[in-house]
Amino acid sequence: MRNRLKGKMHRGVAWIIIYILWMSSILWSSMTLRVDADSVVSMEDIEHYLLSQVKLQYESGYDILDYHIHSWYGDSVNEIFTEISLDVISKEQRVEALEVYQGMLAAVGITEDIATATYVQETMSEQLACQSSTADYADGIAYFLEQTFQELDAYIGVELAHTLFFKTVIGGDGEQGFTVYREVGNEYVEDTFPISTEEEQYANGYALMQAQYQRIVEVYEESASAEDALISLMSSGDNRQAAIVYALGHTSETNDFTVCTICGSSLCGGKSVVYPYYNTEYERHHQNDCANYVSQCMYAGKFPITGTWYPESTPWVNVGGLVGTMTQAHFWAECGSNEVVAGDVVASSGHVMFVCGVDANNVYVCAHTHDRKNHAIKREYLQSKGYKFYHVNYLNY
């Protein structure tokens, strides 16, 4: 009897330990590390936690080749800033095998055999021309698919540098623990470490192709002939590319968040780089240059100066003014997070960024204040933080 009782007690203790460990993992994953009153959450604890979460976020789509982590204290020991730099490469080495591209192909009925073939516009056109639903627009759809293939191919099989910035606040509300905020655009927002599933990536591609298909149909219906429609699409592609080239050439990734390179202050909210990336033909709006920069990208993409939108006007340098003017003129059209492509724009109430690329998981943004170049942020993450996506209509100019 005594031995049986011991066995039950041992099993009971084991279950209690398992329960405690399980509860601890829940608290850890919910980003609140609860410790004893006399314990201290150290910078090392924060770095270990952030790195584990970032690796979890990346491991589904990327191999991490190398990483660097650097932290420093803010205004107090309860505020820690962390920069994590990752060298990553896509696990998938073929664009046609990406879930996001498979979704795009499925949206227009591209079969599995063509998905493993060599991608050239003529091959796509032949496949699409055989289907009644896409036959009239085959060349236009094929052109868009080929452009997207090239865009995705630029990020696949290539070593990429991703930099993430975090602010961790220790304690608060009378609790021991910490809350993590990620830098998005020019602000820090509470982080939930979203991870895109393969199903979500497939849905992203499907929705993107559906939206582009509708736009291609509109171009064909407004054009005198199918040849004119394709010329219009290609012309818009050239203007879009010109805006992308300008965006990439006139900003930089500000990796050091401790000092502003304009005023030299560690307290400055606008960490910026001027030379050699800034176009000196325009005024620099220190701490608030995002709309001015995106306006310059639009102008490089052949958008015409008007009596309302011109350098130093409110619609040129103010986020609300720029978004309002561009949408009212139908230059920009709000779209879903799944539909954004290079050359488009994302904006919140106080910040606007230019999209310079996409891959299966991220949009790559270029921006000013904070300066960003080809900076990876998940679509879903931007959407969850209140950013809106705008498709830029380069067709009319």
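Source: prediction; values computed, not measured.

Peer 1: I'd love a proper account of the packing of helix α3 (residues 99–107) against helix α6 (residues 138–153), names of residues and values included.
Peer 2: Across the interface, α3 lies against α6 with an axial gap of 11 Å and an inter-helix angle of 180°. On the basis of their axis angle, the class for α3 and α6 is roughly antiparallel. Packed against α3, whose contacting residues are Val100, Tyr101, Met104 and Leu105, the element α6 presents Phe144, Leu145, Thr148, Phe149 and Leu152 at the interface. Looking at the contact of α3 with α6 residue by residue, the classes come out as eight nonpolar, one polar and no charged.

Peer 1: Can you tell me about helix α11 (residues 319–328), naming the residues and giving the values?
Peer 2: Here α11 lies mainly inside the structure; seven of its 10 residues are buried. Residues of α11 that are buried sit in contact with α9 (290–300), α10 (314–317), β6 (332–335), β7 (345–347), β8 (352–358) and β11 (388–392). Where α11 starts, the residue carrying a side-chain oxygen 3.0 Å from the main-chain nitrogen of glycine 320 turns out to be asparagine 318. In the stretch just after α11, histidine 330 is the one whose phi turns positive, near 65°.

Peer 1: Go over unusual backbone geometry, please, and point to the residues and values.
Peer 2: Look at the link from threonine 369 to histidine 370: it is a cis peptide, with omega at -5°. Topologically, histidine 370 is positioned in the loop between β9 (362–367) and β10 (372–378). Of note, glutamate 312 is a non-glycine position whose phi angle comes to about 75°, a positive value. Along the chain, glutamate 312 falls in the loop between α9 and α10.

Peer 1: Can you break down the environment of glutamine 147 residue by residue, with the values?
Peer 2: Note that glutamine 147 resides in helix α6. Glutamine 147 gets classed as partly exposed once you look at its relative accessible area, which sits at 33%. Sequence spacing of glutamine 147 and glycine 237 is 90 residues, and the spatial spacing of their C-alpha atoms is 8.7 Å.

Peer 1: Explain the packing of helix α8 (residues 226–249) against α9 to me, using residue names and the numbers behind them.
Peer 2: Running from N to C, α8 and α9 point in directions that differ by 140°, and their axes come no closer than 7 Å. The two elements α8 and α9 cross, and the hand of that crossing is right-handed. Contacts from Ala242, Ala243, Tyr246, Ala247 and Leu248 of α8 reach α9 at Tyr293, Gln296, Cys297 and Ala300.

Peer 1: Residues and numbers for the packing of aromatic side chains, please.
Peer 2: With the rule as written, the count across this model stands at 14 aromatic pairs. Measuring from centroid to centroid gives 5.8 Å for tyrosine 101 and phenylalanine 149, while their planes differ by 70°, and the two rings are edge-to-face. With tyrosine 101 in helix α3 and phenylalanine 149 in helix α6, this pair connects stretches of sequence that are 48 residues apart. Under the relative-accessibility criterion, tyrosine 101 is labelled buried at 0%. Since its relative accessible area comes to 15%, phenylalanine 149 is described here as buried. Each ring, one from tyrosine 155 and one from tyrosine 364, has its centre 4.3 Å from the other, and the planes form 20°; the classification is stacked. With tyrosine 155 in the loop between α6 and β3 (160–170) and tyrosine 364 in strand β9, this residue pair connects regions lying 209 residues apart in the sequence. In this pair, the class of tyrosine 155 matches that of tyrosine 364, namely buried.

Peer 1: Got a sec to walk through the sheet that holds β3? Specific residues and values, please.
Peer 2: Taken in spatial order, the five strands line up as β1-β2-β3-β4-β5 in an open sheet, and their pairing is antiparallel. Since the sheet does not close on itself, it has two edges, and those belong to β1 (62–73) and β5 (187–190), each with one partner. On average, adjacent strands in this sheet sit at an angle of 30° to one another, irrespective of strand direction. Where strand β4 (residues 178–184) and β5 come together, four bridges link them in antiparallel fashion. If you follow glutamate 183 over to β5, its bridge partner there is tyrosine 188. Those strands touched by helix α2 (residues 43–58) are β1, β2 (79–90), β3 and β4, and its axis lies near 155° from that of β1.

Reading guide: rules and limits
- Per-chain numbering applies: the sequence of each chain, read as written, is numbered from 1 onward.
- The predicted nature of this model means local features are confined to residues of pLDDT at least 70 and side-chain atom pairs, given and counted, to a pLDDT of 80 or more, with totals for whole chains, interfaces and linings taken over all residues.
- Computation of side-chain values covers all heavy atoms of the structure but excludes hydrogens and water.
- For helices, the fitted axis covers only the stretch in contact; all axes are lines through C-alpha atoms, and the angles between them, taken along N-to-C directions, range from 0 to 180 degrees.
- Strands here are runs of E lasting at least two residues and helices are runs of H or I lasting at least four, both read from the DSSP assignment and numbered beginning at the N terminus.
- Any angle from 65 to 115 degrees is called roughly perpendicular, while one under 35 is roughly parallel, one over 145 is roughly antiparallel, and all others are oblique.
- Contacts: residue pairs with any heavy atoms within 4.5 Å of one another.
- In this classification, the charged set is Asp, Glu, Lys and Arg, the nonpolar set is Ala, Val, Leu, Ile, Met, Phe, Trp, Tyr, Cys and Pro, and all remaining amino acids, among them Gly, are polar.
- Buried, partly exposed and exposed residues are distinguished by accessible area as a fraction of the type maximum, computed with a 1.4 Å probe on protein chains only: under 20%, between the cut-offs, and over 50%, respectively.
- Polar contact is the term for a pair of N or O atoms within 3.5 Å; when the atoms are in protein, one must be able to donate a hydrogen and the other to accept it, and sequence-neighboring residues count only if both atoms are side-chain atoms.
- The sense of a crossing depends on the near helix, which, turned anticlockwise from the far helix by less than a right angle, makes the crossing left-handed and, turned clockwise, makes it right-handed.
- Think of it this way: a Phe, Tyr or Trp ring, Trp meaning its six-membered ring, pairs with another when their centres are within 6.5 Å, and the plane angle makes it stacked under 30 degrees, edge-to-face over 60, tilted otherwise.
- Pairing between strands is defined by DSSP: at least two bridges between them are needed.

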